[in-house]
Amino acid sequence: MKIAYLSMEVGLSEHIPTYSGGLGILAGDHIKSSADLNIPLVAVTLLYKRGYFIQQINALGQQEELYPYFDPRAFMEPLPFKVTVPMEGRSVHVGVWKYNQVGQKGRVPVYFLDTDLPMNSPEDRMITHYLYGGDKHTRICQEAVLGIGGYMVLKKLEPGITTYHMNEGHAVFLTLALLKDSGGNVERVREKCVFTTHTPVPAGHDIFDYGMAQTVLQDYLPPNIRDLAGRDALNTTLLALNLSRASNGVSELHGEVSREMFPGFDIGHITNGVHHLTWTGPEFQTLFDRHCPGWREQPQNLAKARDIPDDEVRAAKKAAKKRLISYINAISGAGFSEDLLTVGFARRAASYKRATLVLTDLEYLVNLSYDRVQYIFAGKAHPQDGAGKELIAEIVRIAKRYEEKLRIVYVPNYNMWLGALMTQGTDVWLNTPRRPREACGTSGMKVCYNGGVNMSVLDGWWREACRDRVNGWAVGDDEDQSDEEAAADLYRDIDDMVTTYYASPKHWVQIMKNSIADVTPVFNTHRMVLEYLHKYYL
């Protein structure tokens, strides 16, 4: 058995800018747990020399994007061979870089594909420069490099692949390369492929005009492509579903939504997790080593966290929180306090994630929060998402306007390092998407490994994990609610949260311990990867 895992983005370290958000971080954690568990997996992604982007926020709250050049030589080795991908009637040369140190044992190689080579035209060198940059043409070229180029690289470097796992539809042109190699045998391709979809938002599924697809992919498009990928346009998700032996969403609810979006397909679900050794901060690692022996190899041992003495849980959280608050004050001068209840909200700045829901009624929020609660926001908007950028600007404007009454800060350049700092240091993780648009979400899981608690809409993974007011708070099921009604529910929960934190500290610690013991044994990538192994890989 040997599994090839292909993903458009992979987040292994904040120093390697080949991820933008949840999809890439999940891919990196999948790879790390596979390495830790000695699962025979290899991974393929693209090498983005200009990364996603570094985010700056100016005095007006406007996002500014910087694209510094990334030199991969400090982190990976160039391999002495190339593959050639036919594209638009010409040859695009693809170099390969190999990254070895993944997880605790480093057994999973990750191959990064790179078109920034002197023998390519300036346009072709740019194909792998920017993650999610450019237009539809750039995207289809990137996906051709990932799927077709990735298949060519694997044939040379990793013979004997038994299963190809496509992480989202971006990698689906792999199936066209397999079809070409098998003489158009659809069943033989289906036997080799599994597919995971990550988005319940229709716009998240790539669709390409057949004219463009024919121009770019040429002989790789089979005669029956419209039967496999859609009559009117090439839908990458539909193509992946038709050419995979198994398909899944990433939470129970997302599986249900995916089956509604693509009726007739047997789409299961495997709920996401996080790599516990990456996201547990030093304070709680020490605590778990002492009280939950074996948790590093078997995270289910963290079910014993309820037996940890209260004062030790408080002390670990206080130390983690001190690191976060020190950083916040150093970069913002906001004067945050280690003694106040600290709420974090950090994710991609997209309208449906509703970062400003908690700010709906500011006078009411002031009454709830004054000198008791402080709020830390972070997250990048896609460079072409004007509405997402306006969300950031609105939060910055409110923070300035209410600086005497509300403690709010927007921290720029949310990345893996800042994500770890925030999930380790915040008391409460706020998540208010418009249900059911969050396929799973994983940032809230990371909080639980660090004694934090979730306050979230019952969407994605939280719908499976939440015991309301026992291990966190459930913000009302708002499928049929207006934002104003959802905000009213949220304020009632914040009121209860604040009262519990200050008036019942012993009860608060019990909620913290329930958060650890209920969530962490299940919502980790060790469990997730083993589920993929037994349900789909074997």
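Each chain has its residues counted from 1, following the order in which its sequence is written. Where local features are concerned, this predicted model is filtered to residues with pLDDT of at least 70; where side-chain atom pairs are given and counted, the filter is 80 or more; whole-chain, interface and lining totals use all residues. Values shown for side chains rest on all heavy atoms present in the structure; no hydrogens or waters enter the calculation.

**Comments concerning the nonpolar core**
- Residues enter a nonpolar core if they are buried and are Ala, Val, Leu, Ile, Met, Phe, Trp, Tyr or Cys, with the set joined through side-chain atoms within 4.5 Å. Working definition: with a 1.4 Å probe on protein chains only, accessible area under 20% of the residue-type maximum means buried, over 50% means exposed, and in between means partly exposed. Ranked by internal contacts, the top residues of the largest apolar core, which has 76 residues, are Y375, I494 and M497.
- Each helix is a run of DSSP H or I of at least 4 residues and each strand a run of E of at least 2, with the numbering of both proceeding from the N terminus. A total of eight residues in this core trace back to one element, the largest contributor, which is helix α18 (residues 483-503).
- The domain limits used here are those given by an automatic or database domain assignment. Counting contributing residues per domain, this core is built from domain 1 (3-273 + 527-537) and domain 2 (276-522), each supplying no fewer than three.
- Any two residues whose heavy atoms approach within 4.5 Å at even a single point are treated as in contact. With sequence-adjacent residues up to four places away left out, Y375 is seen in contact with F336, V343, V358, L365, S369, L406, R407, I408, V409 and I494.
- Membership of the second largest hydrophobic core comes to 64 residues, among which are V42, V44, A144 and L243.

**Focus on the pairing of strand β16 (residues 407-411)**
- Burial of β16 is extensive: four of the five residues sit out of reach of the surface.
- Assessed by its sense of winding, the connection that carries the chain from strand β15 (residues 373-378) through helix α14 (residues 386-401) to β16 is right-handed. Handedness of a crossover is defined as follows: with both strands directed away from the viewer, a clockwise route from the first strand across the helix to the second makes it right-handed.

**What to know about the sheet that holds strand β13 (residues 267-269)**
- Here the rule is simple: two strands pair whenever DSSP picks up at least two bridges between them. Spatial strand order, β5-β6-β7-β2-β1-β8-β9-β12-β13: nine strands in an open sheet with mixed pairing. Unpaired on one side and paired on the other, β5 (77-87) and β13 mark the two borders of the sheet. Ignoring strand direction, the axes of neighbouring strands in this sheet form an average angle of 25°.
- Looking at chain direction, strand β6 (residues 90-99) and strand β7 (residues 110-114) are connected through five bridges and run antiparallel. Bridge pairing in β7 places G95 opposite D114.
- Axis lines are fitted through C-alpha atoms, for helices just across the contact stretch, and the angle between N-to-C directions can take any value from 0 to 180 degrees. Against the sheet, helix α3 (residues 136-157) contacts β1 (3-7), β2 (41-46), β5, β6, β7 and β8 (163-167), and its axis sits at roughly 125° relative to β5.

**Overview of the domain arrangement of the protein**
- For the protein, the assigned domains are domain 1 (3-273 + 527-537) and domain 2 (276-522).
- One C-alpha centre belongs to domain 1, the other to domain 2; they are set 31 Å apart.
- On the side of domain 2, 38 residues touch domain 1, which itself brings 38 residues to the contact.
- Buried surface at the junction of domain 1 and domain 2, summed over both partners, amounts to about 3,000 Å²; 56% is from carbon and sulfur atoms.
- The buried area of a pairing is the accessible area, by a 1.4 Å probe, that goes missing from both parts when the two are put together, added over both. Among the residues of domain 1 in contact with domain 2, Q55, Q63 and L253 are the three that bury the most area, contributing 19% of the side total.
- Any Lys or Arg side-chain nitrogen found within 4 Å of a carboxyl oxygen on Asp or Glu counts as a salt bridge. Joining domain 1 to domain 2, the criterion identifies three salt bridges.
- Between E65 and K389 there is a salt bridge, with the nearest N and O atoms lying 3.1 Å from each other.
- Counted as a polar contact is a pair of N or O atoms within 3.5 Å, where, for protein atoms, one must be capable of donating a hydrogen and the other of accepting one, and residues adjacent in sequence contribute only when both atoms are in side chains. The interface formed by domain 1 and domain 2 includes 15 residue pairs in polar contact (both at pLDDT 80 or more).

**Considering the packing of α3 against helix α6 (residues 210-217)**
- As a packed pair, α3 and α6 sit with axes 11 Å apart at the nearest point and diverge in direction by 45°. When the interaxial angle is binned, α3 and α6 end up oblique. When you trace α3 past α6, the crossing you get is right-handed. Judged by residue contacts, K136, H137, I140, C141, A144 and I148 of α3 engage M212, A213, V216 and L217 from α6. We call two directions roughly parallel when the angle between them is under 35 degrees, roughly antiparallel when it is over 145, roughly perpendicular when it lies between 65 and 115, and oblique otherwise. Crossing handedness: left-handed means the near helix sits turned counterclockwise from the far one by under a right angle, and right-handed means the same turn made clockwise.

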